[in-house]
Amino acid sequence: MTTTNELIELSERRSAHNYHPLPVVIREAQGAWVVDVEGRRYLDCLAGYSSLNFGHGNPKIIEAAQAQLARLTLTSRAFFHDQFAAFAAGLGDLTGKDMVLPMNTGAEAVETAIKVARKWGYEVKGVAADQANIIVMEDNFHGRTTTIVSFSTDPDAHDGFGPYTPGFRVVKYGSIEAIREAVDANTVAVLLEPIQGEAGVLVPPDGYLTQVRELCTAENILMIADEIQSGLGRTGDTFACDHENVVPDVYVLGKALGGGVVPVSAIAANADVLGVIKPGQHGSTFGGNPLACAVASAVIDLLGTGEYQRRAAELGAVLHERLNALVGRGVVAVRGRGLWAGVDIDPSLATGRQVSEALMRHGVLAKDTHGSTIRLAPPIVVTEEDLSWAVDRLADVLAELSA
Ligand SMILES: *Cc1c(COP(=O)(O)O)cnc(C)c1O
């Protein structure tokens, strides 16, 4: 039998080192638990960066995928297929929007939103050719394409990948004044995460999203919400924008939309916005394929019951209460909403990486973001007991590190 170390050594030798995985080799999973090649069990508190909101092997999602696998997997958009209409209408209804445009990865959906906003700017708003600008936020994370990393403020994501795509203005996250100062007649969109995930689960000040909505409406600017990580149940609502009853002009979705099975992303907007895209102007060979649509439709059905949103809110309250009790005992601060927490560990104790490694040895898989911050975002199907157990393991790790 190949050992953990052999599999890790071969993986590292034969693949680019664009990730620095924890030294665990996972073989199978069910619900919120994964099993490694040596049979050890771990509670998954990362959930594929919220791609696995509905759990590993969710029966409804797997059933939809298997039925579709056996019938039809790919047509390309050159033809219609029988899964597309229900997907488009279902996602449109979930977002309250007229139209959707499916892609595969999150970054592709962000790119789609950028293209749509620029085209809308030229054709509807009347911005002069090639003059459009889009306001984005410091510490954003929107993906890894060359255009997107052009406006990243993370040196690892950005540096060394120029020349950079122009047309973006970076402002401080959480400050409506900063956006107001950056707006001019050529501004076509404000692109933001309603909660910044990769930055460390940063929640903006109360009222900020409402202010952004009002400013965008007043200035005839599209509000684009990147809900790829924050959306689809994670925060206790269908979308993080729902917390302030804010409706953006464009939703950008991904991750959990694919049910942890296939990459599915999309943008959703009304016809006055998304209608600017005409045949040949944008597309993707795999975007909106039958398997993706069948899986995403199962995800949309799960969200339609409201059960997952409620569960994330209830379990989230437990998680935050239990984590807040660790403040002063190795934890400096806890942020987040719903079943999603960024936990700042006392940097004199350990880095986020060291805490993640120690948690792994205790049977909990979590991931650091920056510095001494770890994020916790287990599948929403996690039980309260298991969630509590994971926080106990964090308490153990912190106690060990303080000793
Ligand atoms: C993960 C993520 C993306 C990029 O998605 P990929 O599928 O990795 O391309 C974009 N925006 C946010 C907020 C994300 O969390």
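Since this is a predicted model, take the numbers as computed values, not measurements. (Residues numbered from 1 in each chain as written. Predicted model: local features only at pLDDT ≥ 70, side-chain atom pairs only at ≥ 80, totals over all residues. Heavy atoms only, no water.)

Undergrad: How do you make sense of the packing of aromatic side chains when you look at a structure like this?
TA: Note on aromatic pairs: each is described by the distance of the centres and the angle between the planes. For the structure on display, the rule yields six aromatic pairs. Pairing Phe 151 with Phe 168 gives two aromatic rings, centres 4.3 Å apart and planes at 35 degrees, and the pair type is tilted. With Phe 151 in the loop between helix H6 (146–150) and helix H7 (155–158) and Phe 168 in strand E6 (residues 168–171), the pair connects residues that are 17 residues apart, well separated along the chain. Assigned by exposure class, Phe 151 and Phe 168 land together as buried. An angle of 75 degrees between the planes, with centres 5.7 Å apart, marks the rings of Tyr 173 and Tyr 208 as edge-to-face. Taken together, the residues span a long stretch of sequence, with Tyr 173 in the loop between E6 and helix H8 (176–182) and Tyr 208 in helix H9 (residues 208–219) at a distance of 35 residues. Judged by its relative accessible area of 12%, Tyr 173 is buried. (Phe/Tyr/Trp six-rings, centres within 6.5 Å; stacked < 30°, edge-to-face > 60°. Helix = DSSP H or I, 4+ residues; strand = E, 2+ residues; numbered from the N terminus. Buried < 20%, exposed > 50% of the residue type's maximum accessible area, 1.4 Å probe, protein only.)

Undergrad: Explain the state of the cysteines to me, please; I cannot follow it from the model alone.
TA: What is meant by a disulfide is a covalent connection between two cysteines, made through their sulfur atoms. For the structure shown, the criterion picks out zero disulfides. As a non-bridged cysteine, Cys 241 has Cys 216 as the owner of its nearest cysteine sulfur, 11 Å distant. Judged by its relative accessible area of 0%, Cys 241 falls in the buried class. (Disulfide = S-S within 2.5 Å.)

Undergrad: Honestly, the environment of Thr 105 in this entry has me stumped. Any pointers?
TA: Checked against the element boundaries, Thr 105 lands in the loop between strand E4 (99–103) and helix H5 (106–125). You can call Thr 105 partly exposed: its relative accessible area is 37%. Linking Thr 105 and Val 262, residues 157 residues apart in sequence, is a C-alpha distance of 9.5 Å.

Undergrad: Which parts of the structure should I look at to understand the site of the ligand?
TA: Near the ligand, the surroundings consist of Thr 105, Gly 106, Ala 107, Phe 141, His 142, Gly 143, Glu 193, Asp 226, Ile 228, Gln 229 and Lys 255. Between the ligand and Ala 107 there is a distance of 2.8 Å, counted from an oxygen atom to a backbone nitrogen or oxygen. Contacts to the ligand include Lys 255, whose side-chain N or O atom sits 2.6 Å from an oxygen atom. For the ligand, whose accessible area on its own is 380 Å², the fraction buried by protein is 81%. Partitioning the shell around the ligand into residue classes produces three nonpolar, five polar and three charged. (Near = heavy atom within 4 Å. Polar contact = N/O pair within 3.5 Å; in protein donor to acceptor, adjacent residues only side chain to side chain. Areas by Shrake-Rupley, 256 points an atom, 1.4 Å probe, with all protein chains shown as cover. Nonpolar A, V, L, I, M, F, W, Y, C, P; charged D, E, K, R; others polar.)

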